[in-house]
Amino acid sequence: MTARALDPLQLAGLELGNRFVKTATYEGLSPEGRVSDGLIAHHADQARHGVALTTVAYAAVHPSGRTFADQLLVTRDAGLDRLADAVHSAGGRVSLQLSHCGGFSKHRAGGRPMGPSFALNAYGLAYGLPFVRPMTPDDMAETAAAYAEAAAIAVDAGVDALELHCGHGYLLSQFLSPAINRRRDDYGGSLANRLRFPLEVVHAIRARVGEAVPLLAKINLHDGIRGATGDEAVPIARALVEAGVHAIVPSGGLVQRSAFYLLRGEVPLSDMVRAESSWLQRISMRILGPLLVRRFPYSSSFFREQARALVDAVDAPVGLLGGVDSAAAVREAMAQGFSFVVMGRALLADPDFIERMAAGEDVVSRCTHCNQCVARMDQGVACVLDLPQT
Ligand SMILES: Cc1cc2nc3c(=O)[nH]c(=O)nc-3n(C[C@H](O)[C@H](O)[C@H](O)COP(=O)(O)O)c2cc1C
């Protein structure tokens, strides 16, 4: 029998009240890397409006793992316990997205950016971080240990689930992507080799926190660049599940090369330029942006056909992410065998989406995929339709 979106969902040992997951949308509400009252209110609100599992975006597992300052850094005194308590009091559960940016950084305090291979770090040029240094075995061991420590800190703070960020061109995605990983040792080349470090991270987390909480993995269906292999999502998902991941969240794209593959819709270049703090970066974005930033047209449930392959092939719940923007899209996801839906912009634009759907309304989100929420997310993520027009 097909599950309905308001049915409970069992994710390993965690029972969720329904099948609505709020995806990570960087909140811009963690000054100096710590949980703020605004961050707590944002996630408690999601829970209050019926989201069963709300995901705290981009929690860096190590000081070297932030793309820029003010991203959440997982430490014992970051305030995660207050956040978890507030979400629980609002009737929901909270997940933490464990992240590391690898070579994609403009955060000088994190040291020289490191990744699988030597490369130019175009994102960090204007910040004096022009190059990526290849990670050594010691770097990998230290970083895997940092993921495990961050997982333990989150579990101790009362966080209910963890999402390992293996997509979007961040560190684990850099290892998986043949376009970025050019290593000639056991960590590069074949898919088995490119998977080695992400799997070591999963094993390190599992060894540290056991089965205390479900571990989700956000992975790329495709990197969204020409020449990238597009047929590896199934073996990647299978290997992660075999290593101890409990659910898969399929996405796509590389933030540094195909950011709008994962979002689709408008490219708000002028707003992005305005939000950039370095004048040098602003100038280069203004000149190069129109040439380099590729557009991808938006459609409802834009990853559904690609993600559907995982539903049949992977022995774990698979969520549908990307353009889930109406009650009809939610119902169709359930009908096609996805175990849950993972929603971002539609819930930012329509926080009462789930309540209205539960009341029988055929909800259609008012999100216009203008993506201005992305351009201004550092100021506190919000739907621009709700902001005073200037
Ligand atoms: C403002 C904003 C910030 C985002 N920040 C993150 C992030 O920190 N981590 C992440 O994995 N994805 C991030 N994303 C991507 C979303 O998680 C999601 O993959 C994408 O928005 C597609 O889902 P949607 O169509 O439901 O919005 C962000 C998206 C938006 C709109």
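Here is what the cut-offs are and how they apply
Residues numbered from 1 in each chain as written. Predicted model: local features only at pLDDT ≥ 70, side-chain atom pairs only at ≥ 80, totals over all residues. Helix = DSSP H or I, 4+ residues; strand = E, 2+ residues; numbered from the N terminus. Rg over C-alpha atoms; globule rule 2.2 N^0.38 Å. Contact = placed C-beta atoms within 7 Å. Buried ≥ 20, exposed ≤ 12 C-beta atoms within 10 Å, placed from the backbone. Pairing = 2+ DSSP bridges. Core = buried A, V, L, I, M, F, W, Y, C linked by C-beta atoms within 7 Å. Expected span 1.5 Å × (residues − 1). Near = placed C-beta within 6 Å. Nonpolar A, V, L, I, M, F, W, Y, C, P; charged D, E, K, R; others polar. Axes fitted to C-alpha atoms, helices over the stretch in contact; angles between N-to-C directions. Left-handed = near helix turned anticlockwise from the far one by under 90°.

Engineer: What's the story with the overall build of the protein chain in this structure? I'm lost.
Structural biologist: Within the protein chain, the secondary structure is distributed over 14 helices and 14 strands. The C-alpha radius of gyration of the protein chain comes to 19 Å, within 12% of the 21 Å expected for a compact globule of 390 residues. By principal-axis analysis of the C-alpha atoms, the protein chain measures approximately 55 × 50 × 40 Å. Residue pairs in contact within the protein chain that sit at least 24 positions apart in sequence constitute 70% of those at least 6 positions apart.

Engineer: What is the right way to read the pairing of strand β6 (residues 93-99) from this model?
Structural biologist: Sheet faces and side chains relate simply in a regular strand, where the side chains alternate between the two faces. Across the seven residues of β6, seven count as buried, placing the element largely inside the fold. Where burial is concerned, the two faces of β6 agree: the one with Arg 93, Ser 95, Gln 97 and Ser 99 and the one with Val 94, Leu 96 and Leu 98 are both buried. In the sheet, strand β4 (residues 53-60) pairs with β6 via six bridges, with the strands oriented parallel. Bridging from a neighbouring strand, Leu 53 pairs with Arg 93 of β6. The pairing of β6 with strand β10 (residues 161-166) spans four bridges and is parallel. Bridge pairing in β10 links Gln 97 to Glu 163.

Engineer: Explain the nonpolar core to me, please; I cannot follow it from the model alone.
Structural biologist: As a rule of thumb, nonpolar side chains are buried together in soluble globular proteins. Of all hydrophobic cores here, the largest spans 117 residues; its most connected members are Ala 154 and Val 341. Counting residues per element, this core draws most heavily on helix α3 (residues 137-157), at ten residues. Setting aside residues no more than four positions away along its own chain, Val 341 makes contact with Ala 5, Arg 19, Phe 20, Val 21, Gly 319, Leu 320, Val 324, Val 330 and Ala 333. Counting residues in each nonpolar core, the second largest holds five residues, with Ala 119, Val 132, Met 135 and Ile 180 among its members.

Engineer: Help me out: how do you make sense of α3 in this one?
Structural biologist: Taking 1.5 Å per residue as the helical rise, α3 with its 21 residues ought to reach 30 Å, and the 30 Å between its terminal C-alpha atoms agrees with that figure. Within the span of α3, buried status applies to Thr 143, Ala 144, Ala 146, Tyr 147, Ala 148, Ala 150, Ala 151, Ile 153, Ala 154, Val 155 and Ala 157. Buried residues in α3 make contact with β4, α2 (80-89), β6, β10 and α5 (191-209). Phi turns positive one or two residues past the end of α3, at Gly 158, with a value near 100 degrees.

Engineer: Mind showing me how you'd approach the site of the ligand here?
Structural biologist: The full set close to the ligand counts 25 residues, and Thr 25, Tyr 26, Ala 57, Gly 344 and Arg 345 are the nearest of them. If you list the elements that add at least two residues to the shell around the ligand, you get β4, α12 (345-349) and α14 (372-375). Of the residues belonging to the shell around the ligand, the class tally is 14 nonpolar, nine polar and two charged.

Engineer: Honestly, the pairing of strand β11 (residues 215-220) in this entry has me stumped. Any pointers?
Structural biologist: Burial within β11 is extensive, with six of its six residues counted as buried. The alternating pattern of β11 places Leu 215, Ala 217 and Ile 219 and Leu 216, Lys 218 and Asn 220 on opposite faces, both of which are buried. Where β10 and β11 come together, five bridges link them in parallel fashion. Across the sheet, the residue bridging to Cys 166 is Ile 219, located in β11.

Engineer: Just checking my understanding: could you explain the sheet that holds strand β9 (residues 131-134) for this structure?
Structural biologist: Strands belonging to one sheet form pairs held by backbone hydrogen bonds; the direction of such a pair is parallel or antiparallel. The strand order across the open sheet built from three strands is β7-β9-β8, with neighbouring strands paired in mixed fashion. Strands with a single pairing partner mark the edges of an open sheet, and in this sheet they are β7 (114-115) and β8 (119-120). For β8 and β9, the ladder comprises two bridges, and the chain directions are antiparallel. Directly across from Leu 120, in β9, lies its bridge partner Phe 131.

Engineer: Would you take a moment to explain the environment of Asp 315 for this structure?
Structural biologist: Structurally, Asp 315 can be placed in the loop between α10 (304-313) and β13 (319-321). Sequence separation between Asp 315 and Arg 238 is 77 residues, and the spatial gap between their C-alpha atoms is 7.5 Å.

Engineer: Would you mind going over the packing of α5 against helix α6 (residues 233-243) with me for this structure?
Structural biologist: Here α5 crosses α6 at 35 degrees, and the two axes come no closer than 10 Å. By crossing handedness, the relation of α5 to α6 is classed as right-handed. Across the interface between the two elements, Leu 191, Leu 195, Leu 199, Val 202 and His 203 of α5 pack against Pro 235, Ile 236, Ala 239, Leu 240 and Ala 243 of α6. Of the residues contributing to the contact of α5 with α6, the split by class is nine nonpolar, one polar and no charged.

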